[in-house]
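An overview of the molecular structure
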Amino acid sequence: MSSAIRILVIGGTARAGSSSERVVRHALAAAEAQGAEVELFDGPFIAALPLYVPDRTERTDAELRFVEAVRRCDGIIVGSPGYHGSLSGPIKNILDLLEDLSRDERPYLDGRAFGAIVTAYGWQACGTTLVAMRSIAHALRAWPTPFGAAVSASAPLFDANGDCLDPKVAEQLAIVGRQVTDFARWRRSGLAA
Ligand SMILES: Cc1cc2nc3c(=O)[nH]c(=O)nc-3n(C[C@H](O)[C@H](O)[C@H](O)COP(=O)(O)O)c2cc1C
């Protein structure tokens, strides 16, 4: 087993310049700076997955690649836009695929750190979507990090290079990346759970 902590990152919409993809990219960079090995499943990947159907057992190569990456990860960061007060359909759809891990020795996201990040125009959807994501993390037996980031996308968040325009937002995103990596490292060392 490689000694690097593996952090899997899911986030974004298929929209060009997706804010929910950009925020997870920032958290990913923070995890990487902590020495984690990271893998991103971005907006276009998420949007192209077939709709989850409970009794469909065939899997596309993309579905298999994703499920295998989750199986191997120590922590996960999920970024969703707030759609009508909750997660977007495609983000929920990729999380539904974790049902494939239900019979694993470590079922679902058992023992993994879970960092949640939301972008939405308004604070109400930021809050309700963050709560929904953390409830999903609990249902999947993950450990939501103490800090989850909710970011208002009502004003531009990034410049043309993808750099965050607001240092406070950049720091909040980095905290999520660092907390997921820290917990994963503690778990590996036996200091947590
Ligand atoms: C179908 C849809 C529903 C939305 N619902 C809400 C909402 O309930 N509250 C809110 O504040 N913003 C809402 N928004 C705005 C999105 O949350 C916001 O534009 C988000 O940052 C888009 O993410 P993206 O940049 O990754 O595509 C909605 C947008 C869409 C397309």
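Residues numbered from 1 in each chain as written. Predicted model: local features only at pLDDT ≥ 70, side-chain atom pairs only at ≥ 80, totals over all residues. Heavy atoms only, no water.

An unreviewed UniProt entry lists the chain under the name NAD(P)H-dependent oxidoreductase, with Sphingomonas colocasiae given as the organism.

The subject of this paragraph is the environment of Pro44. By the element assignment, Pro44 lies in helix H2 (residues 43–48). The exposure class assigned to Pro44 is partly exposed, which follows from its relative accessible area of 45%. Separated by 28 residues in sequence, Pro44 and Ala16 place their C-alpha atoms 9.3 Å apart. For Pro44, the contacting residues outside a window of four places in its chain are Thr13, Ala14 and Glu21. (Helix = DSSP H or I, 4+ residues; strand = E, 2+ residues; numbered from the N terminus. Buried < 20%, exposed > 50% of the residue type's maximum accessible area, 1.4 Å probe, protein only. Contact = heavy atoms within 4.5 Å.)

Okay, the site of the ligand next. The full set close to the ligand counts 16 residues, and Arg15, Ser18, Ser20, Gly82 and Gly122 are the nearest of them. Between Gly85 and the ligand, the recorded distance is 3.2 Å, taken from a backbone N or O atom to an oxygen atom. Take Thr119: an N or O atom from its side chain is 3.1 Å from an oxygen atom of the ligand. In the complex, the protein chains occlude 75% of the 640 Å² of accessible area that the ligand would expose alone. Mapped by element, the contributors of at least two residues to the shell around the ligand are helix H1 (19–33) and strand E4 (113–120). The class makeup of the residues in the shell around the ligand is 6 nonpolar, 9 polar and 1 charged. (Near = heavy atom within 4 Å. Polar contact = N/O pair within 3.5 Å; in protein donor to acceptor, adjacent residues only side chain to side chain. Areas by Shrake-Rupley, 256 points an atom, 1.4 Å probe, with all protein chains shown as cover. Nonpolar A, V, L, I, M, F, W, Y, C, P; charged D, E, K, R; others polar.)

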